[in-house]
Amino acid sequence: QVQLVESGGGLVQPGGSLRLSCVASGSIFSINDMGWYRQAPGKQREWVATITSGGSTDYAESVKGRFTISRDNGKNTMYLQMYSLKPEDTAVYYCTALVTLTSRSTTNFWGQGTQVTVSS
């Protein structure tokens, strides 16, 4: 089994910053693409950013220039550095990863989410 655990969420004022972390553990052979999604109340889950195993990144237009996705392959950890936060960034942020298990099966996994609230 694989577990993804997010951390770093919290309450922040507009214009503030937060860094989210996602740590993967379990029966991991390798981690392929990783990404962040978010879900605001009453809305569908929205893609935020992805990063490949080689470090290539892509961002949703709504966060481009404000958020930076990164990863530390040695720690099986992914980060989302968020600057210039806006109230509309308020959501539960979820980590996802495409993981090749030690069994050599490849599966998407999701974390349980971490709440980000941007409010004055």
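The numbers attached to residues start from 1 for each chain and follow its sequence in the written order. The predicted nature of this model means local features are confined to residues of pLDDT at least 70 and side-chain atom pairs, given and counted, to a pLDDT of 80 or more, with totals for whole chains, interfaces and linings taken over all residues. In computing side-chain values, all of the structure's heavy atoms are included and hydrogens and water are not.

J.: Any chance you could explain the overall build of the protein here in plain terms?
T.: Of regular secondary structure, the protein possesses 0 helices and 11 strands. Listed by position from the N terminus, the elements making up the protein come as β-β-β-β-β-β-β-β-β-β-β. Principal-axis analysis of the C-alpha atoms gives the protein an extent of 45 × 25 × 25 Å. Of all 120 residues assigned to the protein, the portion counted as buried reaches 42%. By sequence separation, contacts in the protein at least 24 residues apart represent 55% of the contacts at least 6 residues apart. Working note: accessible area of the protein is about 6300 Å², and carbon and sulfur atoms make up 46% of it. Put simply, the protein has 10 plus and 8 minus side-chain charges, and the middle of one group is 3 Å from the middle of the other. Numbered from the N terminus, helices here are DSSP runs of H or I no shorter than four residues, and strands are runs of E no shorter than two. Relative accessibility under 20% of the residue-type maximum defines a buried residue, over 50% an exposed one, and the middle range a partly exposed one, all with a 1.4 Å probe and only protein chains included. Contacts were defined at the residue level, with two residues in contact if any of their heavy atoms lie within 4.5 Å. Areas reported here follow the Shrake-Rupley algorithm with a probe of radius 1.4 Å; residue values treat only the protein chains shown as occluding. Positive charge is attributed to Lys and Arg, negative charge to Asp and Glu, and no charge count is given to His or to the chain ends. Charged groups are reduced to one reference atom each: NZ for lysine, CZ for arginine, CG for aspartic acid, CD for glutamic acid.

J.: I tried to follow the side chain of threonine 100 on my own but got confused; where do I start?
T.: For threonine 100, the position within the fold is in strand S9 (residues 91-101). Pairs of N or O atoms within 3.5 Å make up the polar contacts considered here, provided that, within protein, one atom can donate a hydrogen while the other can accept it, and that residues adjacent in sequence are counted only when both atoms are side-chain atoms. There is a polar contact of 3.0 Å between the side chain of threonine 100 and the side chain of threonine 106.

J.: I keep staring at the pattern of salt bridges and nothing clicks. Help me out?
T.: Pairing is possible between side chains of opposite charge, provided their charged atoms come close. Definition used for salt bridges: Asp or Glu carboxyl oxygen within 4 Å of a side-chain nitrogen of Lys or Arg. For the structure on display, the rule yields 4 salt bridges. Between aspartate 89 and arginine 38 there is a salt bridge whose closest N-O contact spans 2.9 Å. In this pair, aspartate 89 is assigned in the loop between strand S8 (77-82) and S9 and arginine 38 in strand S4 (residues 28-39), connecting sequence segments 51 residues apart. For the pair aspartate 89 and arginine 38, a shared accessibility class is recorded, and that class is buried. For lysine 64, the salt bridge identified is with glutamate 61, shortest N-O distance 3.8 Å. We classify lysine 64 as partly exposed; its relative accessible area is 47%. Look at glutamate 61 and you get exposed, because its relative accessible area is 65%. Each of Arg38, Glu46, Arg66 and Asp89 takes part in a single network of salt bridges with overlapping partners.

J.: Teacher, can you tell me more about the side chain of arginine 71 here?
T.: Structurally, the position occupied by arginine 71 is in strand S7 (residues 67-72). Of the buried charged residues, arginine 71 lacks a salt bridge, with aspartate 33 as the closest side chain of opposite charge at 5.6 Å. Within the local environment of arginine 71, its side chain forms a polar contact with the backbone oxygen of isoleucine 31, the two atoms lying 3.2 Å apart. From its side chain, arginine 71 meets the backbone oxygen of asparagine 32 in a polar contact 2.8 Å long. Excluding anything up to four places from it in sequence, arginine 71 contacts Ile31, Asn32, Asp33, Met34, Ile51, Thr52, Ser53, Thr77 and Met78.

J.: Just checking my understanding: could you explain the sheet that holds strand S1 (residues 2-7) for this structure?
T.: The criterion for strand pairing is that DSSP finds at least two bridges linking the strands in question. Sheet architecture is open: 4 strands sit in the order S1-S3-S8-S7, paired in antiparallel fashion. For this open sheet the edge positions go to S1 and S7, each flanked by a neighbour on one side alone. Adjacent strand axes in the sheet meet at a mean angle of 15°, parallel and antiparallel pairs treated alike. Note: S1 against strand S3 (residues 18-26), 6 bridges, orientation antiparallel. What sits directly across from glutamate 6, in S3, is cysteine 22. Every axis corresponds to a line fitted to the C-alpha atoms, with the helix fit spanning only the stretch in contact, and the corresponding angles, defined between N-to-C directions, vary from 0 to 180 degrees.

J.: Would you explain the state of the cysteines in this entry?
T.: Among covalent bonds in proteins, the disulfide is the one between the sulfur atoms of two cysteines. To count as a disulfide, a pair of cysteine sulfur atoms needs to be within 2.5 Å. Throughout the structure, instances matching the rule amount to 1 disulfide. Disulfide pairing is shown between cysteine 22 and cysteine 95; the S-S distance is 1.9 Å. Judged by the sign of its S-S torsion, about -65°, the bond between cysteine 22 and cysteine 95 is left-handed. Within this pair, whereas cysteine 22 is found in strand S3, its partner cysteine 95 is found in strand S9, the two being separated by 73 residues in sequence. Just as cysteine 22 is buried, cysteine 95 falls in that class too.

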